[in-house]
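Fold and contact review
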Amino acid sequence: MRYLPKSDSERRQMLEACGVASPEELFSHLPEAVRLKRPLDLPPGISEYEIVDYFRQRAAENANGYASFLGAGVYSHFRPVLVDSVVSRGEFLTSYTPYQAEISQGTLTAIFEFQTMICQLTGMDVANASMYDGSTAVPEAVSMAVRSTGKKRVLIARSVHPEYREVLRTYARHQGMPVEGFGYLPEAGTIDLEDLDRKTDDVTAAVVVQSPNFFGIVDKVKAAAEIAHRRGALLIVVFTEAVSLGLLEPPADADIVAGELQSFAISPSYGGPYAGVIATREKFIRQMPGRLVGQTTDSRGNRAFCLTLSTREQHIRREKATSNICTNQALIALMATVLMTVYGKQGLRELAQQNLAKAHYLAGRLSPRFSGRFFNEFVVRASKPDEINKALLKKKIIGGLPLGRFYPELADSMLLCATEMSRRADMDVVAEVLA
Amino acid sequence: MITKVRPHLSQNEALLFERSSPGKIAYQLPALDVPPVDPAEALGAENVRSEIPGFPEVSEVEAIRHFTRLSTWNYAIDHGMYPLGSCTMKYNPRINELVARIEGLAWAHPYQPEALAQGSMEVMARLEAALAEIAGMDAVTLQPAAGAHGELTGILLIRALLEKRGNPRKKILIPDSAHGTNPATAAIAGYAVENIASSATGVLDVAALAQLVDRDVAALMVTNPNTLGVFEENIVQAAEILHAKGAMLYMDGANMNALVGIARPGDFGVDVLHLNLHKTFSTPHGGGGPGAGPVAVKKAFEPFLPVPRLKRSGKKWAYDYRRKRSIGRVRAFYGNFGVLVRALAYILAHGGPGLRNATVDAVLNAVYIRKKLEPYFDLPYASPNMHEVVFSDERQAKLGVRTGDLAKRLIDYGFHPYTVSFPLIVHGALMIEPTETEGKLELDQFIEAMISIAKEVETDPQLVKNAPYGTRTSRVDEVTAARKPVLRWRPS
Amino acid sequence: MYPDNFRYTKEHEWVLVEGDTGTIGITDHAQQELGDIVYVDLPKVGVRIELGKSLGSVESVKAVSDIYAPLSGEVTEINTLLTDAPEKLNQDPHGVAWLVKIHLSAPAEIQNLMSAADYQTYVGAEK
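Residues numbered from 1 in each chain as written. Chains lettered and ligands numbered in written order. Predicted model: local features only at pLDDT ≥ 70, side-chain atom pairs only at ≥ 80, totals over all residues. Heavy atoms only, no water.

1. Details of unusual backbone geometry
Residue and element names in this part refer to chain B. Stated precisely, the cut-off is as follows: Numbering goes from the N terminus for both helices and strands, where a helix is a DSSP run of H or I of at least four residues and a strand is a run of E of at least two. Only protein chains enter the area calculation, which uses a 1.4 Å probe; residues under 20% of their type maximum are buried, those over 50% are exposed, and those in between are partly exposed.
At the junction of N224 and P225, the peptide bond is cis and its omega measures out at -5° in the coordinates. With respect to the helices, strands and loops of the structure, P225 is situated in the loop between β4 (217-223) and α10 (235-244). Residue V307 is joined to P308 through a cis peptide bond whose omega torsion reads 5°. By the element assignment, P308 lies in the loop between β7 (295-297) and β8 (309-313). Phi is positive for S86, which is not a glycine, with a value near 65°. On the secondary structure map, S86 appears in the loop between α3 (60-71) and α4 (94-100). Overall, the relative accessible area of 9% leaves S86 in the buried class.

Structure representation (structure tokens):
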């Protein structure tokens, strides 16, 4: 078999060196009761060509050649060709976690650059080397707030991605962390500040908002911060559309930013793998979960990088760790790093401007349901969203996300997203069908 | 004599920000086919940022050179063996990369209509079935993003079942040889951790277990084979002790590479386990992730699995969201699909008999290393080892040289170090796992290197203590990095 | 090596009792075992600490060690020198790198502690 680099004669030599007559003897010490006495019920191995064929067939059973107007936390953006050129290099793809700094300076340097760029984008002091994804970054950020404030209660806006809120509930349930929602204004689509103010109290550890929020609307981060800080709670700001940071003012009033970087050259890939990130203020460094890369020197005085502040982590602190996380999404974060490099200061802004233009063109031909300012996603009324989407599918277009599944009060609406990849002609068709 | 490596010039490279110049670009977007929009008008002037301070501005050539140069400073599986214990650093098949990038799979949006996602759903269903068969379990969730995430999911599943039975209980037993994620996970799931010491032969002490298991114990978390590479011979008995008191047996599947096709956790009493696709199932580590940590369970836990579940609806796949007992979601969407594709490709390539052969080779490689190195390094536990072997630095420590030093010297010989100082129950541990994708030549070079280093310790301990010598950087100052953390670049 | 006027615990903490004030630190043996110290986590002023329970921790690059209270009391002062210069704990663990001062709540607890001579024997034996 092509992945097993031993010839039969080599196996024989090795068995002899082990003082064993046959490979089966290597397992003779296992108790009878545990041995599997039949072959695995799986078909025999197949060739490379058959493997490709299998997956090509599966791919053909998915959507192919459709224009898509889905956003809702996963966005279609161009992937610069350099991204795969870089991450396909064996030295990045097949390397291990950089615990041995002397032979991992490539990974460590790239992560240090990643951490820096995330700080620059979000306006925070420090960023970690990535979390599994945006949805799990939220409970991690909340845990940070709970640890830092010594309080337990969490308030989360209903306009935060509904699946992210579900994940928080799963984590919070067993930590004695009461989680309560607060609403959004039906006209503007921004958070209901009065509702938030009423609900925030002196035992609130964190207020969680998303901007742009799930409806695509730039939310009232500053006002939320005032309310939270007045009561000694921390403000956590979530983002799911990283491209928005190319144009939008970063959340300077946040204590912790928890985000998803899928927009940065990470294939939608039916839901993962993605890369989340947590960025925060200097004072919360020791409460941060996840790996951190720091700058240092070697004994010859050369600049070098290494994993640091490891005592926060599970392999040392065990049950008192800031999190149980071991993996970071290093390769995925590298994709984002390459994208941020390719676009750079100018390009990220231009990319965001194109997104803005496309979405506003489409919105201009429809009428957004909310009055709030939006980036590249917006909500429209559509009396029978499923019917509309059926009609669009016939024209090889995947329409917006019908919101009824997450917001019963918005069952007559859908969430549309347009990015730099959306074509005018397709947007015109969507506008026609929705009219 | 070092035969595997020779010095070689590698390029220096500054940070991106130090290479930046205003106006350099590496991109070009197509022209807009719609009218541009004034950001201040559309978003409100107060919401529009000025430029991103310090963000890089480099050309495409510089970008490619930058990352290429950085890559040459890394060691990787493609270069040679990683003897890292319990990491299972096996070959990452390139076909996996190709199939994961097929457009219909790579561009699939998790919210696209189910009718247009049947291919992805079939892939996931097929993988669930294969993993269930390999693990000897009844149902699998592919949602967890990594091993630790899978552990958390698994413990939450145990809690949910126990709650339904009337008492979630208070503590989880964890062997002192366990990986750090185990106690960290238990704590996050709201359980107290109680350590159980290993026996003199390094395996689970069932007498001690019998004493400790009471109605306050929710589960025992084991790794099997354990972190010494030794099969837990009393595992069936341990399961019986736990089940008699209504407690569960959780298995950390980190060491599945010793068991695939040979023994199935479901057959020896395990109730819930997680698997590491980035270990046993060859998906690439990529410098630290992504991974995936599917959880396999016995039937009783099925109602509690994360939502949604795949179900058959006529001839098609559909998602079942009506799962009243589910523990909820552990992440958005369905799982690290791109990683799942790679793992399935690996399983298809080996097939049933092939997976077993891989296990046999993995164990043969580790036993071979043990035999060859036994004369030179102290072996704290005499029990037969499986896919990994753990030595201690006792002999070398007498001459002032510790496992960490030996590991650094191994770098000069052209290898990545083995796992240093873990498991904690061995003083000065050297934990070595070759995996099945190492050939005899590589193994022999590794063995020669280790023997040579053992000899160096006797003749010139200082040489070993100050290693490595051949790397781009010498040992880095981790102390200053921790005392005065510098976690980002700033302009001077 | 180990000051006569200190009292010691098996977990390698020392305490200097003056009236009803106790100054607490870790011993030279402890700092040697820990290696280069990178961070010290101390309780806030006003916190009540209890004999035998953890009052904070000391970190090296690869390990964390809890500091156990040799006596019970209320924290009245913490040594802010260690915030910026944790290395002082390696350099002068019995002097400038004391950790906290407490107001004793149960002075009789001193009886349970070791004298300098006993501690010297204890760490000699431990090796």
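2. Focus: the packing of aromatic side chains
Selection criterion: Centre distance within 6.5 Å is the pairing criterion for rings of Phe, Tyr and Trp, where only the six-membered ring of Trp is used; planes under 30 degrees apart are then read as stacked, over 60 as edge-to-face, and the remainder as tilted. Only when the NZ of Lys or the CZ of Arg is both within 6 Å of the ring centre and within 35 degrees of the ring normal is a charge said to sit over the ring.
Enumeration over the complete set of coordinates arrives at 34 aromatic pairs over all chains. Plain terms: the ring middles of A:Y184 and A:F370 are 5.9 Å apart, the flat faces sit at 85° to each other, and that makes the pair edge-to-face. One end of the pair, A:Y184, is in the loop between β4 (179-182) and α8 (193-199); the other, A:F370, is in the loop between α11 (330-365) and β11 (377-381), with 186 residues separating them in the sequence. There is no split in this pair, since A:Y184 and A:F370 are both buried. Aromatic ring contacts, followed pair by pair, group A:Y184, A:F214, A:F215, A:Y274, A:F370, A:F406, A:Y407, B:Y111 and B:F333 into a single cluster. One Lys or Arg, A:R58, reaches over the ring of A:Y54 and ends 4.7 Å from the middle of that ring. The residue whose ring lies beneath B:K4 is B:F415, and the NZ or CZ to ring-centre distance is 4.5 Å.

3. So, empty space enclosed by the protein
Residues and elements named next belong to chain B. The line we're drawing: Buried and open spaces are told apart on a 1 Å grid over the protein atoms alone, a cavity being a set of points where a 1.4 Å probe fits but cannot get out and a pocket being an open set with protein on both sides within 12 Å along at least five of seven lines. Residues with an atom within 4 Å of a point are the lining residues. Grid points are joined across faces, edges and corners, and a volume is the space filled by probe spheres set on the points. Three categories are distinguished: nonpolar for Ala, Val, Leu, Ile, Met, Phe, Trp, Tyr, Cys and Pro, charged for Asp, Glu, Lys and Arg, and polar for the others, with Gly belonging to the last.
One pass over the structure, following the stated rule, counts nine cavities of 30 Å³ or more. The space that makes up the largest cavity amounts to roughly 120 Å³. Every residue lining the largest cavity is listed: M124, E128, T141, L142, Q143, P306, P308, R309, L310, Y319 and Y334. Counting only elements with at least two residues in the lining of the largest cavity, the list comes to α6 (118-135) and β8. Of the residues in the lining of the largest cavity, the class split is seven nonpolar, two polar and two charged.

4. Regarding the sheet that holds strand β1 (residues 6-8) of chain C
Residues and elements named next belong to chain C. To keep things clear, this is the line we draw: The criterion for strand pairing is that DSSP finds at least two bridges linking the strands in question.
In spatial order, the strands read β1-β2-β3-β9-β8-β5; together these six strands make up an open sheet with antiparallel pairing. Because the sheet does not close on itself, it has two edges, and the strands there are β1 and β5 (48-49). In this structure, strand β3 (residues 21-26) lies alongside strand β9 (residues 100-104), joined through four bridges in antiparallel fashion. For T23, the partnering residue across the bridge sits in β9 and is K101.

5. Regarding helix α13 (residues 403-412) of chain B
Residue and element names in this part refer to chain B. Here is the rule we go by: Any two residues whose heavy atoms approach within 4.5 Å at even a single point are treated as in contact.
Counting buried positions along α13 gives nine out of 10 residues, so the element sits mostly inside the fold. Here α13 has its buried residues at T403, D405, L406, A407, K408, R409, L410, I411 and D412. Of the surrounding secondary structure, the elements contacted by the buried residues of α13 are α12 (394-397), β11 (419-420), β12 (429-432), α14 (440-459) and α15 (461-465). Looking one or two residues past α13, G414 carries a phi angle of roughly 95°, positive in sign.

6. Observations concerning the interface of chain B and chain A
This is how the line gets drawn: In this description, buried area is defined as the sum, over both parts, of the accessible area (probe of 1.4 Å) that is lost when the two are combined. Salt bridge, as used here: a side-chain nitrogen of Lys or Arg that lies within 4 Å of a carboxyl oxygen of Asp or Glu. Whenever two N or O atoms come within 3.5 Å, that pair is a polar contact, provided that in protein one can donate a hydrogen and the other can accept it, and provided that, for residues adjacent in sequence, both atoms are side-chain atoms.
In this assembly, 208 residues from chain B lie in contact with 189 residues from chain A. Summing both sides of the interface, chain B and chain A together bury roughly 16800 Å²; the carbon and sulfur share of this comes to 64%. Broken down residue by residue, the surface that chain B buries against chain A is led by B:R49, B:Y111 and B:L487, which jointly contribute 5%. Between B:R329 and A:E166 there is a salt bridge whose closest N-O contact spans 3.5 Å. Counting every contact that joins chain B to chain A gives 78 residue pairs in polar contact (both at pLDDT 80 or more). Residue contributions to the side of chain B that touches chain A peak at 28 residues, all from helix α11 (residues 337-373) of chain B.

7. Some points on the pattern of salt bridges
All told, the structure shown has 59 salt bridges over all chains when counted by the stated rule. Across the pair A:K6 and B:D361 runs a salt bridge whose closest N-O atoms are separated by 3.8 Å. A residue pair is termed interchain when its members come from two chains, as with A:K6 in the segment before α1 (8-17) and B:D361 in helix α11. Taken individually, A:K6 and B:D361 each receive the classification buried, so the pair is uniform in this respect.

8. Comments concerning the interface of chain C and chain A
Put simply, an interface is often sized by how much accessible area is lost when its parts join up. Each partner contributes residues to the interface: chain C has nine residues there, and chain A has six residues. Approximately 570 Å² of surface area, both sides summed, lies buried where chain C meets chain A, with 46% of it carried by carbon and sulfur atoms. Considering only the side of chain C, the residues that lose the most area to chain A are C:Y39, C:E59 and C:V64, jointly responsible for 57% of the buried surface there. Along the contact surface separating chain C from chain A lie one salt bridge. Linking C:E59 and A:R286 is a salt bridge whose minimum nitrogen-to-oxygen distance equals 3.5 Å.

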